[in-house]
Structures are given as structure tokens and as C-alpha cells.
Amino acid sequence: MPGLFAFNRKWSIGSDDLVFPILVEICIRIAWMIAIAVVFHIHQDAFTCEDGNLLRTYYIGVLTILSITLVVSALIMYTSMQGTITKPLPRRRIPLLLYIKTAVIMPDLAWMAMGTFWAFGKSYGCDYYVVLTVKGAVICAWVATVVTIIGILIILDPLGKTKHEHRRERYMTSGIGESLEASQTTMAAKIWERRCRLLCCCVACNKNNQNAFTDISRLVAEFFKDVDLVPTDIAAGLLLVLRQQRLVKESLGAVIVDVTSSERAESQRADGQSQPMRNGMIGFTRPELWMNIKLMSYYMKFALASYGWPFYIYSNMMTGICKVATRCRCCACVRAPTSSHCDNVCECHTAAVRRITGLQQQDLVYVCFHNKCKEIPFFVAIDRRYNSVVIAIRGTLSLEDALTDLSAESVSVDIAGVPDAYAHAGMMDCARYIKSQLDNLDLLGKAFGSLQEGSRLVITGHSLGAGTAALLAVLLKPVCPNLICFAYSPPGGLMSPSLSHHVQSYVCSVVVGKDLVPRLGMPTMHDLKLKILRAIHDCQLPKYRILAQGCIHIICSCLSSQQDDDSDQQRRRPLLESSESNYMTTRSDETQDVLRDAIASEENEEREWPAMLAPGQVLHIVEVSEDQVCCGQPSYSAMWVKSEDFSEIIISPRMLWDHFPDVVMKALEQLEDRNYVPRATQVSGPSALA
């Protein structure tokens, strides 16, 4: 921070981002120079042939240019290592060194062109292997050049032209800065929209996705409009926040134990009555009897089956293909029609559903793998074991699903007696789509007609499917009063607090470990953004040390707890080093002032995004011993918590892994095998759950 200013524009990297790329370049060039020097030394007597002096000249020129480039690269790397993220002054000579390096690259390119002509455009009487080594050197040089060009295109910032900066300063002084800022936000939104269309080029032509691209690009542009951070600044900030959260967890360990004991005593005195939430939060209601581990594990199979054959084969690498093949219907398009729709020619998705759930073909009322933006796959099945009809909804598995996830604006929900009820717009559209399919095809009527009296409706799903399942339960509750819903790893920004409290009697959410998705929402994203800004502002170490220590910590996360304790002081250093740092000065520079302004702006910003929570009752499954994660299957425990406890994003190497449906399935199966009974909520707040 800020972005590197060179060649009359800003770039998407900082002046302290050149350490590792230049280090890699130096290693490659040293190896390259040694190889060329060895070849030149071995074949120096073989250049006496006709025009052999040209090849000799090429080798000498390459060695000379490599030597100069190595010196310049070493100076760039050393300079880039100076200062801190917020102290770019010691790196002020980086642009000058880059200009020098560019000046060295020009003769290097010219030499490569001449080497190409000498090696491939002329005939030599020299030894074949001598000419071959020159050709190999020329090819390697051009490959390195192409890689460098690709890297430059990647770090190119479309908004980095100098004229935009000058225009901004001129408009700010003339009193119309706000309109310029709005126009720059619009320009950024258009650029992000082009990026989204490029990444999702296979679905960008669909007219139904146009609004989704526009909404997502505007959201991203608004989120990053007031900060001048490059991607590595964000990565370093995340590592700093991770360490802060670990230190807070360690310091609160003893407090958590004391509070846990008092909470347990209060829970026992409550004698079955609901316990009010602290700090003015919505009350916590005792879970229903059907919210037990056995049913959670059982209906998780239906949520897992909704992903079809790709995830089944992923979960069964060795035997998955053979097992699915035994349930497939080859040439299904010319056979008698079944309940499957939009499946492939062998109905592999349906075969995977039957394999995972153990259902018979006649128990599958409707299986649809039609997938568009805000129209996601689902299936309706008859569960004769528990005399119920099951609706299982698939989670995110395609670019269209990702567009639905990112359509995060809120939409109001009209429910009698529930004030301020609103929900995730994209998932509400999915729920309405599924409800229209149920109504138009009379799927529930057909399914319930095959069951005995007293049957009930069970809606289940994972991730995007979990959020859609919870909202579908809200839509179907008036016509199916006895329905229940299991939402596995639901998104955190799903519904308003009042609506989440309203559905506690018929929606049960399951969250594993430090799963990112149940904590993900615009309020938590803004909170994380503020923590990153503060961590960067307070950090007194150069960025390369933060990134190196963070990578080492992630790679070595399997070490024992004793080793972690021994390295505790080392982990604290990036956060606790004070004014003795060689890089700090007593006077704040312009960069720190800009960063402080961004922090103040973020703190004082009016929250356009309302509070959004995960749905209903929440069972949080946690690892008893995190140190065994890499050594085998971890041991799990579970507790009932409140949706508000997921109000902070926990940075962890497992924040994505814990979201996978097979991880949720294994955790529930382990708890079921142990006949585990979840305990009541104990310590509230994200710190207790970290």
C-alpha cells in the first residue's frame, strides 16, 4: 500500500511485492548462467567452425547481460525489502531501478532476436550438439519473456492511468470531487463486470444473467472503493488478523472455562425455560425433539446426494465410477420416461442419488438437474423409513450457482406477525422457483399420496441448497404446518434476525468448525475489512516477512501443540513489535494518513447492508483436538449456539475445508456412532467459537 507508481501509471502491486518474484528470477537466472557457462566452457573449442564466432559472441553476450541483470535484480529485491506496508518511503527508488531494469531488458530482447536468427536462420558447419545448445538457450529465453509479459498483464490496473489521478486532484480542489468519485465507482463497476463476464464467459451470453453480473460488479466496486490496497496487502492483513484471533483465543481460555461453569449452572436452574440472550439479542429457544444427531446424519445423505455423480465420485475415488455404473440407465433417452429431468444420457446423477440415499427408483418422485442462475437442481423423494417426503436442494456446483450466491441484496418477506423480515434475494428467487415447480407439477400431492397418515415434509440442503431450503420452508409453512428443515452449512447472510428467530421451531442449521460460509455476509465482510485496515496500519514489519511467516505457519499447521507453544513468541512478534523497529519513524507520513482516513470512513459509514443471520436453531460441531487434523480423523463435539455467535469471520486454514459436505457428513456420522447428545449453549460470541 499504495500501489506501485511507475511508467506513468499505478499498478496492482506494491513496491514491496517484488521480493519473492525477483528472488525466483534471481535463482532461475543464476541456474541459467551456470548452465550456459558450463556449456560454453565444454564446447569452447568447437566454435572454430564456419561462423562459429557468431555462436561464441552470442554466448558471451548472454553471460554479460545475465550478469548485469542479476546485479540490478538484487538491488531491486534489497530495496523492496525495506520499510513496512505503510512506510513506502525507504522504497522510493524502486521505480528508478525498474527503469534501469527495463533499459537492460531492451538489449536483452535484441540479443535474443539476433540469437534466434543465428541459431535458426543460418547453417553452420559446427557440431550439431553445439548448435542445439544455442537453440535451447534461445527457446528458454523466449519462454521467460512470454511469462514476464503475462505477469505484467496480470498486475496491470485498468484504473491506474495518471490522467485519472490528476483529474481526481483537480476536481477535488474545484469542489466536485463527489461526482468524480461516483464516476470512478461506476467505471470500476464496469471493469469488474467485464472481469466477471470473462471469468464466466460460458454463461455470460445468457440474458437472464445480465442483471446478476451488474449487481455483483456494483457490489464489489462499492466494497473496495475507499481503499488503496493491492492483493498482497489483503493477504498480509488476513494473516495478521489470523494471529490476532489466535492471541485473543489463548488469552480468553481461562475466562471461557469459568463462564462455561456459570452458564451450565444457570441452564440447570432455568428448568427447561428458554434463556434470554445477553446484550439485547433475540432469545435462545430450546431445540425441538426432532433436532437430534440421528436425524441430522440421516437427512445429510439426501443433501449430499443432491450433488449427483461428480461429488459421489470425488468422495469415492477408487470405486465411485463402478458403483454408479451399476445404477445407470444407458441410452435412457430412448427408454421409457422416468422421474429424472435434465440428467445426462445414462442418468448418472439419478444413479448417484439412489446409491447415496439407498432409495428405489419408484421412491424418486421428481429429480431435476436443470441449472440456471437462480434456478438450481433439486429432487423430491419418498422416505418410507420415517414416513416423510423429502425435498433435497443442491448447493453451489456451477458458475450459475456462484452468481446466485453473489446476488446478496436483501428482499422483504411478507409474514404475518414478523416485523422487518427480509432475506437473501438470490436464494429467495431459487426458493420461489422450486415452489412453482412443486405447485405446477403437484409433486407434493403425488408424494404424500403414497404415504400413510401422519407423514410430514422434510426439506434439506447444503450451502446454497441450505439457504434455499430454509426459505422454501418459510414459503411452504402455511400449507404444510408439520414440515421441518435441515440446513447444513447455510450462508450467514440469509435472513433478518426477526425471521431467523421466527423459523427456530422448524429449521435446524448445522455448522462445522470454522466454516466461512455461515459467517459470510456484508456486515461481517465490512468488519473483516476494518480489521485488515487496522492490522496493516499497526503492523511494523515488512510485508515479505509477514507473508513468509504466514506460509510457514500454514504449512506447519500439523505440528504438535507443544511445538505451537514453543513458537508462541515468534507468532506474536508481528503484532507486538513496538517502536524499536528500524522501519518506524516518529512522524506519520502521507500513506498512514490515507490509511487512517479509510479506517475512520469505514467506522463511520452508515450500514447500507442490514444484519443477516443463519436460519433457525444452530448446532455447532467443533473439533476437540485441532492438532490431530493432519494426523487422522479429528474428534468432534457439538453444542447449541445462537445465530448471532457467527458475527465474525474466523481466519483459519480450515475455513473452506470445513464447508465441504463430506466433512459435514463424516462429523455427523462420528457423533451418531458415539450416541452424542449436544450440550446447551455456553459461551456466546465469536471469540468462544474460534
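Each value, and the rule that gives it
- Residues numbered from 1 in each chain as written.
- Predicted model: local features only at pLDDT ≥ 70, side-chain atom pairs only at ≥ 80, totals over all residues.
- Heavy atoms only, no water.
- Helix = DSSP H or I, 4+ residues; strand = E, 2+ residues; numbered from the N terminus.
- Contact = heavy atoms within 4.5 Å.
- Disulfide = S-S within 2.5 Å.
- Salt bridge = Lys/Arg side-chain N within 4 Å of Asp/Glu carboxyl O.
- Buried < 20%, exposed > 50% of the residue type's maximum accessible area, 1.4 Å probe, protein only.
- Pairing = 2+ DSSP bridges.
- Right-handed = clockwise from strand over helix to strand, strands pointing away.
- Patch = residues over 30% accessible without salt bridge, like charges linked within 9 Å, V, L, I, M, F, W, Y side chains within 5 Å.
- Areas by Shrake-Rupley, 256 points an atom, 1.4 Å probe, with all protein chains shown as cover.
- Axes fitted to C-alpha atoms, helices over the stretch in contact; angles between N-to-C directions.
- Parallel < 35°, antiparallel > 145°, perpendicular 65-115°, else oblique.
- Left-handed = near helix turned anticlockwise from the far one by under 90°.
- Nonpolar A, V, L, I, M, F, W, Y, C, P; charged D, E, K, R; others polar.
- Expected span 1.5 Å × (residues − 1).
- Core = buried A, V, L, I, M, F, W, Y, C linked by side-chain atoms within 4.5 Å.
- pLDDT = per-residue confidence, 0-100.
- Phe/Tyr/Trp six-rings, centres within 6.5 Å; stacked < 30°, edge-to-face > 60°.

A.B. asks: Help me understand the overall build of the protein chain in this model?
C.D. replies: What the protein chain contains, in helices and strands, is 25 helices and 14 strands. In the protein chain, the proportion of contacts linking residues at least 24 apart, taken out of those at least 6 apart, comes to 76%.

A.B. asks: Help me understand the state of the cysteines in this model?
C.D. replies: One way to say it: the disulfide is the covalent bond shared by the sulfur atoms of two cysteines. Scanning the model with the defined rule gives zero disulfides in all. Cysteine Cys430 shares no disulfide, and the gap to the nearest cysteine sulfur, in Cys373, comes to 7.5 Å.

A.B. asks: What is the right way to look at the pattern of salt bridges in this model?
C.D. replies: Between side chains of opposite charge, a pair can form when the charged atoms approach closely. According to the stated counting rule, one finds 14 salt bridges in the structure shown. Counted as one network, the salt bridges with shared partners bring together Asp16, Asp17, Arg91, Asp233 and Lys543.

A.B. asks: Looking at this model, I keep getting lost on the pairing of strand E7 (residues 388–393). Mind explaining?
C.D. replies: Across the six residues that make up E7, a large majority, six, are buried. Because side chains alternate across E7, one face comprises the buried residues Ser388, Val390 and Ala392, and the other comprises Val389, Ile391 and Ile393, equally buried. Summarising the sheet, strand E6 (residues 378–383) and E7 pair through six bridges and their orientation is antiparallel. Across the sheet, the residue bridging to Phe379 is Ala392, located in E7. From the end of E6 to the start of E7, which pair antiparallel, there are four residues, and Asn387 there has a positive phi angle of about 55 degrees. The pairing of E7 with strand E10 (residues 456–462) spans six bridges and is parallel. By the bridge assignment, Ile393 is partnered in E10 with Gly461.

A.B. asks: What is the right way to look at the pairing of strand E12 (residues 507–512) in this model?
C.D. replies: On any regular strand, side chains alternate: one points to one face of the sheet, the next to the other face. Most of E12 sits out of view: six of its six residues are buried. Of the two faces of E12, the one carrying Val507, Ser509 and Val511 and the one carrying Cys508, Val510 and Val512 are both buried. Relative to E12, strand E11 (residues 484–488) runs parallel, the two being bridged by four bridges. If you follow Cys485 over to E12, its bridge partner there is Val507. For the crossover that starts at E11, traverses helix H18 (residues 497–502) and ends in the parallel E12, the hand is right-handed. In the sheet, E12 pairs with strand E13 (residues 617–623) via five bridges, with the strands oriented parallel.

A.B. asks: What's the story with the environment of Arg354 in this structure? I'm lost.
C.D. replies: Summarising the element assignment, Arg354 is placed in helix H13 (residues 348–357). Remark: the alpha-carbon pair of Arg354 and Phe302, spanning 52 residues in sequence, is separated by 9.6 Å.

A.B. asks: Please clarify how a nonpolar patch on the surface should be interpreted in this entry.
C.D. replies: On the surface, a cluster of nonpolar side chains totalling about 570 Å² of accessible area is made up of Tyr314, Met317, Met318, Trp657 and Phe660. By secondary structure assignment, the location of Phe660 is in the loop between strand E14 (636–641) and helix H24 (661–673). A relative accessible area of 31% places Phe660 in the partly exposed class.

A.B. asks: Any chance you could explain unusual backbone geometry here in plain terms?
C.D. replies: With the exception of glycine, most residues fall at negative phi, and the peptide bonds are largely trans. Although it is not a glycine, Lys374 sits at a positive phi angle of roughly 70 degrees. Turning to its location among the elements, Lys374 is positioned in the loop between strand E5 (364–368) and E6. For Lys374, a relative accessible area of 24% corresponds to the partly exposed category. Located in the positive-phi region is Asn387, a residue other than glycine, with phi close to 55 degrees. Among the structural elements, Asn387 can be located in the loop between E6 and E7.

A.B. asks: Explain the packing of helix H10 (residues 293–305) against H24 to me, please; I cannot follow it from the model alone.
C.D. replies: The description of two packed helices rests on the angle between their axes and on the distance between the axes. The interhelical angle for the contact between H10 and H24, taken along N-to-C directions, is 155 degrees, at an axis separation of 9 Å. The pairing of H10 with H24 is recorded here as roughly antiparallel in orientation. Judged by the sense of rotation from one axis to the other, the crossing of H10 with H24 is left-handed. Here Ile293, Lys294, Met296, Ser297, Met300, Lys301 and Leu304 of H10 come into contact with H24, specifically with Pro661, Asp662, Val664, Met665, Leu668, Glu669, Leu671 and Glu672. For the contact of H10 with H24, a count of residues per class yields nine nonpolar, one polar and five charged.

A.B. asks: What is the right way to read the packing of helix H1 (residues 19–42) against helix H4 (residues 128–154) from this model?
C.D. replies: Direction vectors running N to C along H1 and H4 enclose 165 degrees, while the axes themselves pass 11 Å from each other. Between H1 and H4, the angle falls in the class roughly antiparallel. H1 and H4 meet at a crossing whose hand is left-handed. Side by side, H1 and H4 meet where Trp32, Ile36 and Val39 of the first sit next to Thr133, Ala137, Cys140 and Ala141 of the second.

A.B. asks: Looking at this structure, how should I read helix H15 (residues 425–441)?
C.D. replies: The α-helix winds at 3.6 residues per turn, so residues separated by three or four positions along the chain end up facing the same way. With 17 residues, H15 should cover 24 Å at 1.5 Å per step; its first-to-last C-alpha distance of 24 Å lies within 8% of that length. Of all the residues in H15, the buried ones are Ala425, Gly426, Met427, Met428, Cys430, Ala431, Tyr433, Ile434, Gln437 and Leu438.

A.B. asks: What is the right way to look at the nonpolar core in this model?
C.D. replies: A general tendency of soluble globular proteins is for nonpolar side chains to be buried together. Judged by nonpolar contacts, the single largest core of 49 residues is most densely connected at Met296, Tyr299, Phe379, Phe486, Tyr488 and Ile621. Element by element, the count of residues in this core is highest for H10, at ten residues. Counting 45 residues, the second-largest nonpolar core is a separate cluster that includes Ala431, Leu471, Leu494 and Met495.

A.B. asks: How should the confidence of the model for the protein chain be read in this particular structure?
C.D. replies: Caution is warranted with low-pLDDT regions, since their predicted coordinates should not be read in detail. Residues with a pLDDT of 70 or more make up 70% of the protein chain, whose mean pLDDT is 77. Counting interchain partners and residues more than four positions distant, the pLDDT-below-50 stretch residues 574–588 has 29 contacts.

A.B. asks: Quick question: what am I supposed to make of the packing of aromatic side chains here?
C.D. replies: Describing an aromatic ring pair means giving the distance of the ring centres and the angle of the ring planes. Under the definition given, this model contains 14 aromatic pairs. Between Phe7 and Tyr99 the ring centres are 4.9 Å apart and the planes differ by 85 degrees, which places this aromatic pair in the edge-to-face class. Here the residue Phe7 occupies a position in the loop between strand E1 (3–6) and strand E2 (9–14), and Tyr99 occupies one in helix H3 (residues 94–120), the gap between them amounting to 92 residues. The exposure class assigned to Tyr99 is partly exposed, which follows from its relative accessible area of 38%. Plain terms: the ring middles of Phe486 and Tyr488 are 6.3 Å apart, the flat faces sit at 15 degrees to each other, and that makes the pair stacked.

A.B. asks: So what exactly am I meant to see when it comes to the sheet that holds E14 here?
C.D. replies: The strands making up a sheet associate through hydrogen bonds between their backbones, and the pairing can be parallel or antiparallel. Taken together, the nine strands give an open sheet; going across it, the order is E4-E5-E6-E7-E10-E11-E12-E13-E14, and neighbouring strands pair in mixed fashion. In the strand order of this sheet, the two ends are held by strand E4 (340–341) and E14, each with one partner. Taken strand by strand, helix H17 (residues 464–476) contacts E7, E10, E11 and E12, and its axis lies near 150 degrees from that of E10.

A.B. asks: When you look at H10 in this model, what are you seeing that I'm missing?
C.D. replies: Here H10 contains 13 residues, and its C-alpha end-to-end distance of 19 Å stays within 8% of the 18 Å for a straight helix at 1.5 Å per residue. Within H10, eleven of the 13 residues are buried, leaving the element largely enclosed by the surrounding structure. Listed as buried for H10 are Ile293, Leu295, Met296, Ser297, Tyr298, Tyr299, Met300, Phe302, Ala303, Leu304 and Ala305.

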